[in-house]
Amino acid sequence: MSVSPDVIAKIEEGYAKLQAAPECHSLLKKYLTKEVVDQLKDKKTKLGANLLDVIQSGVANLDSGVGVYAPDAEAYTLFKPLFDPLIQDYHNGFAPDAKQPNTDLGEGKTSALVDLDPEGKFINSTRIRCGRSLQGYPFNPCLSEANYLEMESKVKAIFDNITDPELAGKYFPLDGMTKEIQDQLIKDHFLFKEGDRFLQAANACRYWPKGRGIFHNNQKTFLIWCNEEDHLRIISMQEGGNVGQVLERLIKGVKTIEKQAPFSRDDRLGWLTFCPSNLGTTVRASVHIRLPKISAKPDFKSICDGLKLQIRGIHGEHSESEGGVYDISNKARLGLTEFEAVKQMYDGIAHLIALEKAA
Ligand code: ARG
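The present account deals with the structure reproduced in this document. Every chain is numbered independently, its residues counted from 1 as its sequence is written. Predicted model: local features are reported for residues with pLDDT of at least 70 only, side-chain atom pairs are reported and counted for 80 or more only, and whole-chain, interface and lining totals are derived from all residues. The basis for every side-chain value is the complete set of heavy atoms in the structure, and neither hydrogens nor water enter the calculation.

Quick word on the site of the ligand
Each residue is tested against the molecule or strand, and it is near if at least one of its non-hydrogen atoms lies within 4 Å. As a structural note, the neighbourhood of the ligand is formed by Ser 64, Gly 65, Val 66, Gly 67, Tyr 69, Phe 198, Glu 229, Cys 275, Ser 277, Asn 278, Glu 317 and His 318. A distance of 2.9 Å is found between an oxygen atom of the ligand and a backbone nitrogen or oxygen belonging to Gly 65. A distance of 2.5 Å separates a nitrogen atom of the ligand from a polar side-chain atom of Glu 317. Computed by Shrake-Rupley with a 1.4 Å probe, the accessible areas treat only the displayed protein chains as cover when residues are assessed. Coverage of the ligand by the protein amounts to 93% of the 340 Å² it exposes when considered alone. Put simply, Ala, Val, Leu, Ile, Met, Phe, Trp, Tyr, Cys and Pro go in the nonpolar bin, Asp, Glu, Lys and Arg in the charged bin, and everything else, Gly too, in the polar bin. Grouping the constituent residues of the shell around the ligand by class yields four nonpolar, six polar and two charged. Pairs of N or O atoms are called polar contacts if they sit within 3.5 Å, as long as, within protein, a hydrogen donor faces a hydrogen acceptor (for residues adjacent in sequence, only side-chain-to-side-chain pairs).

This is the structure we're talking about:
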């Protein structure tokens, strides 16, 4: 079956809307050329996803940085003319013929990552996360309510099997969680926010809160999000700047989960997830850091760009800084190993702290 005329019309309207918006600077706008539209508008994946599914979030949200999502794994290849240049732009020049290196989480190397801020002057907390998709399931827009519930019960069974005392904990489904608990978990930066307009417009929040939830250990230093943006987001975090400890715990957690669940991996793109910004390693290593002097300078952003770092506010993506505290992480997740991604953040933050001390 081909793509219906009204979907094609919406794709063309979306293209026109982006073109007519000077305030829009997304990668979608940059790479959705007329040629790409014409080449891809009548294509459909085996599961029925089309170009509108890919672009609709960025069309609805003109302030998107990226603006596209992959409704299923096949979308990354079927809609290559859009994804490839966008991926290359986002991930430090990862070319269409480049290949993600083999996984190297950094086992045996974490002790090289000493505390970045032993005096506790700059860094509030350190967090490293990665995303994983369960083999056999597409991404959000193509999941049914039954899929969500089935995936949740599968991963819950896996969580129940975690016996390592540092990692063991409990799964808390979002469905039935009190507003107080949910708000507190969000405020403390443990749980994902609700109502992300970028995800909503991508059709990624259907049946919410069904099948969504959070697992965490008692100390809330090892957490797993279930079915928010990705099937799984595996997270290790703690106060202070001890990156090595945080990575060590993440490695242990990922290896524990991996033994029980096969994840989708692509030979070229590495671990596959819903957003092209999260391919390859899917690793985002970050700190919440106070850099009052250098962050006030006009070239702060360009210094971070040069160090391959990305800046966010402390209430997550698309939020503003508060009290001079920034969330700073590696930007690229593809085309390097997991350990290198963490090291990129580590070296960059060490540099920023040196600049702050000298300012
Ligand atoms: N679609 C959003 C944007 O373009 C988010 C992109 C990256 N972040 C993410 N959580 N996947 O701004």
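Picking up after the structure, the text goes on.
A few points about the sheet that holds strand S8 (residues 284–290)
Strands belonging to one sheet form pairs held by backbone hydrogen bonds; the direction of such a pair is parallel or antiparallel. Spatially, the eight strands line up as an open sheet ordered S2-S3-S4-S5-S1-S8-S10-S9, and their pairing is antiparallel. Strand pairing shows two members of the sheet lacking a second neighbour, strand S2 (169–173) and strand S9 (309–312), which therefore form its edges. Strand-to-strand twist of the sheet, defined as the mean angle between neighbouring strand axes without regard to direction, takes the value 20°. Bridge analysis of strand S4 (residues 222–226) against strand S5 (residues 232–239) gives five bridges, and the strand direction is antiparallel. If you follow Ile 224 over to S5, its bridge partner there is Ile 234. One bridge is not enough; two strands pair if DSSP finds at least two bridges between them. Here a strand is any run of E in DSSP of at least two residues, a helix any run of H or I of at least four, and the numbering for each starts at the N terminus. Only the stretch in contact is used when a helix axis is fitted, and all axes are lines through C-alpha atoms; the angle between N-to-C directions ranges over 0 to 180 degrees.

What to know about the pattern of salt bridges
The working definition used for a salt bridge is a side-chain nitrogen of Lys or Arg within 4 Å of a carboxyl oxygen of Asp or Glu. Under the counting rule described, the total for this entry stands at 24 salt bridges. The shortest N-O distance in the salt bridge between Asp 230 and Arg 233 comes to 2.8 Å. A salt bridge links Lys 301 to Asp 305, with the nearest nitrogen and oxygen atoms 3.1 Å apart. Linking Lys 301 with Asp 305, this pair stays in helix H12 (residues 300–306), spanning four residues, or about one helical turn. Residues joined in a network through salt bridges with shared partners are Glu 12, Lys 34, Asp 38 and Lys 41.

A short note on the packing of helix H1 (residues 5–19) against helix H4 (residues 51–60)
H4 packs onto H1 with a crossing angle of 35° between their chain directions and a minimal axis gap of 10 Å. Once H1 is placed against H4, the crossing between them reads as left-handed. Seen from H1, the contacting residues are Val 7, Lys 10, Ile 11, Gly 14, Lys 17 and Leu 18; seen from H4, they are Leu 51, Leu 52, Ile 55, Gly 58, Val 59 and Ala 60. In this scheme the handedness of a crossing depends on how the near helix is turned from the far one: anticlockwise by less than a right angle means left-handed, clockwise means right-handed. Residue contacts are defined here by distance: any two heavy atoms, one from each residue, within 4.5 Å place the two residues in contact.

Looking at the environment of Tyr 76
With respect to the secondary-structure elements, Tyr 76 resides in helix H5 (residues 75–78). We classify Tyr 76 as buried; its relative accessible area is 4%. For the pair Tyr 76 and Ala 98, spaced 22 residues apart in sequence, the C-alpha to C-alpha distance is 14 Å. Summary of the burial criterion: residues with accessible area below 20% of their type's maximum are buried, those above 50% are exposed, and those between are partly exposed, where the area comes from a 1.4 Å probe applied to protein chains only.

Observations regarding the pairing of S8
Across the seven residues of S8, six count as buried, placing the element largely inside the fold. Pairing of strand S1 (residues 123–132) with S8 involves six bridges; the strand directions are antiparallel. Note on S8: the bridge partner recorded for Arg 129 is Arg 284. Two strands pair when backbone bridges link them, and S8 and strand S10 (residues 325–330) are joined in this way by five bridges, in the antiparallel orientation. Of the residues in S10, the one forming a bridge with Val 287 is Ile 328.

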